[in-house]
Amino acid sequence: MYGDTGKISTRQVFFISAMIAVVYASRFTLTLTATREGPTAWLSPFISVIVLALIFLIFNSLYRSFQGMGPVEVLKMYFGKGLGMVFSAVLLIWMTFLIAFITRLYSERAVTIFFPNADINIFTFFFALVAGFFVHFKPVIIARVGEIIFAIIFVIFIFSFLALFGLVDVNHLLPVAPKSVPTLLYCGIGCTGVWGFGLYTFFLTDHIDYNKVLKKRSYLYYSAFVLLFTVLIQVTTIGVLGASLTGKAILPFNDAIKVVTLFDTFNRLEVFFTVIVDLVDYVTIAFYVFIALSLLKGIFHLQDTKPFIWVYVLFIAVLSNAITKSYFELEPIVRNILTLGNLAFMLGLPFLMLVVGKLRKVI
């Protein structure tokens, strides 16, 4: 919970980050791994958690220097004014691309599931406008909303796992062959890139209370949660649909839930699941926009970024319509661009900060 500081607690950041990581894992890791790895794709998260542990090891050495500073100030402190501004600009461009991508993803999913004959541009601008409304609240308020959504999603996922376990065919998850190890390593690294969607919340340095020393068991709990839930997502989906169908499906976990019925009468659980899980997109976009605005504020030395919120949000709506023309083009973007980009910003940049910080005696 946040106190008198008016800032987000690290506990809240862990909750929200883990929620985003798991929800995006349910959307992307299945097609990312099942297409290449087949039945043993469910093993890839065990490789991912090793990379995640490395990310947290680096972050634990850095976060105490973030207190009270915006992301631009942090980067300038580590890399110097010139190079720090370059990294800030690159990060701003990347965050803008991520926001536009998620906006497009939400619009495509809403049209595909609920309104197949509707104009996708309507949903793109609607999502952007609602997201802009969210951003007008303080980050601590969004964090409180995120905690509530986390509790609801936790229950929904647990119910989904329990409902699907009885339908799992073990033959869909075997055999585990030694020759699959290289592909397993590749898929594991890709899964970490998907989890990276959640880790960006740690970049909101000027709105997070980093006064308290983070306990190492917090990292352990986080890693165990995202690992367990990602494995369960893959086991239940591949176990029900099979690796081949999972790799070809647009939303495989949703397709797996479609076979579940409640008391043999209500068989549209995936609609309820989609509506609730889609709320995570709003929380994600809100935090991403907060980060982007913090970067804008630091780069252009702005006193207040509120007047620029709607301009930025409308720009996102226009950009999201230019990214792709079909849902099928989104998955290659995730596989070839976003996962690698997330690794670069969540592992590569912090590692570079750690090395430079040691050399310059910043930390």
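Here goes a summary of the coordinates provided.

Conventions we followed
- Residues numbered from 1 in each chain as written.
- Predicted model: local features only at pLDDT ≥ 70, side-chain atom pairs only at ≥ 80, totals over all residues.
- Heavy atoms only, no water.
- Helix = DSSP H or I, 4+ residues; strand = E, 2+ residues; numbered from the N terminus.
- Rg over C-alpha atoms; globule rule 2.2 N^0.38 Å.
- Contact = heavy atoms within 4.5 Å.
- Lys, Arg positive; Asp, Glu negative; His and termini not counted.
- Charge placed at Lys NZ, Arg CZ, Asp CG, Glu CD.
- Axes fitted to C-alpha atoms, helices over the stretch in contact; angles between N-to-C directions.
- Left-handed = near helix turned anticlockwise from the far one by under 90°.
- Nonpolar A, V, L, I, M, F, W, Y, C, P; charged D, E, K, R; others polar.
- Expected span 1.5 Å × (residues − 1).
- Buried < 20%, exposed > 50% of the residue type's maximum accessible area, 1.4 Å probe, protein only.
- Salt bridge = Lys/Arg side-chain N within 4 Å of Asp/Glu carboxyl O.

### Focus: the overall build of the protein chain
What the protein chain contains, in helices and strands, is 13 helices and two strands. Taken over the C-alpha trace, the protein chain has a radius of gyration of 20 Å; the compact-globule value for 363 residues is 21 Å, and the two agree within 12%. C-alpha extents for the protein chain along the principal axes are approximately 60 × 45 × 35 Å. Taking the contacts inside the protein chain whose residues are at least 6 apart along the sequence as the reference set, 86% of them involve residues at least 24 apart. Averaging the coordinates of the 26 positive side-chain charges in the protein chain and doing the same for the 17 negative ones gives two points 11 Å apart.

### As for the packing of helix H6 (residues 139–165) against helix H8 (residues 216–241)
Two packed helices can be described by the angle between their axes and the distance between those axes. Where H6 contacts H8, the axes come no closer than 10 Å and their chain directions differ by 35 degrees. At the point where H6 passes H8, the crossing takes the left-handed sense. From H6, Phe150, Phe154, Phe157, Ile158, Phe161, Leu164 and Phe165 reach across to H8, where they touch Phe225, Phe229, Leu232, Ile233, Val235, Thr236 and Val240. Split into classes, the residues belonging to the contact of H6 with H8 amount to 13 nonpolar, one polar and no charged.

### Thoughts on helix H5 (residues 120–135)
Taking 1.5 Å as the rise per residue, H5 with 16 residues should run 22 Å; its terminal C-alpha atoms sit 23 Å apart, in good agreement. Within H5, the full set of buried residues consists of Ile120, Phe123, Thr124, Phe127, Ala128, Ala131, Gly132 and Val135.

### Some points on the pattern of salt bridges
Scanning the model with the defined rule gives three salt bridges in all. Across the pair Arg11 and Glu147 runs a salt bridge whose closest N-O atoms are separated by 2.9 Å. Remark: Glu147 occurs in helix H6 and Arg11 occurs in helix H1 (residues 10–37); sequence separation between them is 136 residues. Overall, the relative accessible area of 14% leaves Glu147 in the buried class. Residue Asp278 pairs with Arg27 through a salt bridge whose shortest N-O separation is 3.4 Å. Of this pair, Asp278 sits in helix H11 (residues 269–300) while Arg27 sits in helix H1, placing them 251 residues apart in sequence. Comparing Asp278 with Arg27 shows no difference in burial state: the two are buried.

### A closer look at helix H13 (residues 330–359)
Across its 30 residues, H13 extends 40 Å between first and last C-alpha, which sits within 8% of the 44 Å expected from 1.5 Å per residue. Lys361, located one to two residues past H13, shows a positive phi value of around 60 degrees.

### Quick word on the environment of Phe202
Tracing the backbone through its elements, the reader meets Phe202 in the loop between helix H7 (181–199) and strand S2 (208–209). The contact partners of Phe202, leaving out residues within four places of it in the chain, are Val13, Phe14, Ser17, Phe56, Phe59, Ile208 and Tyr210.

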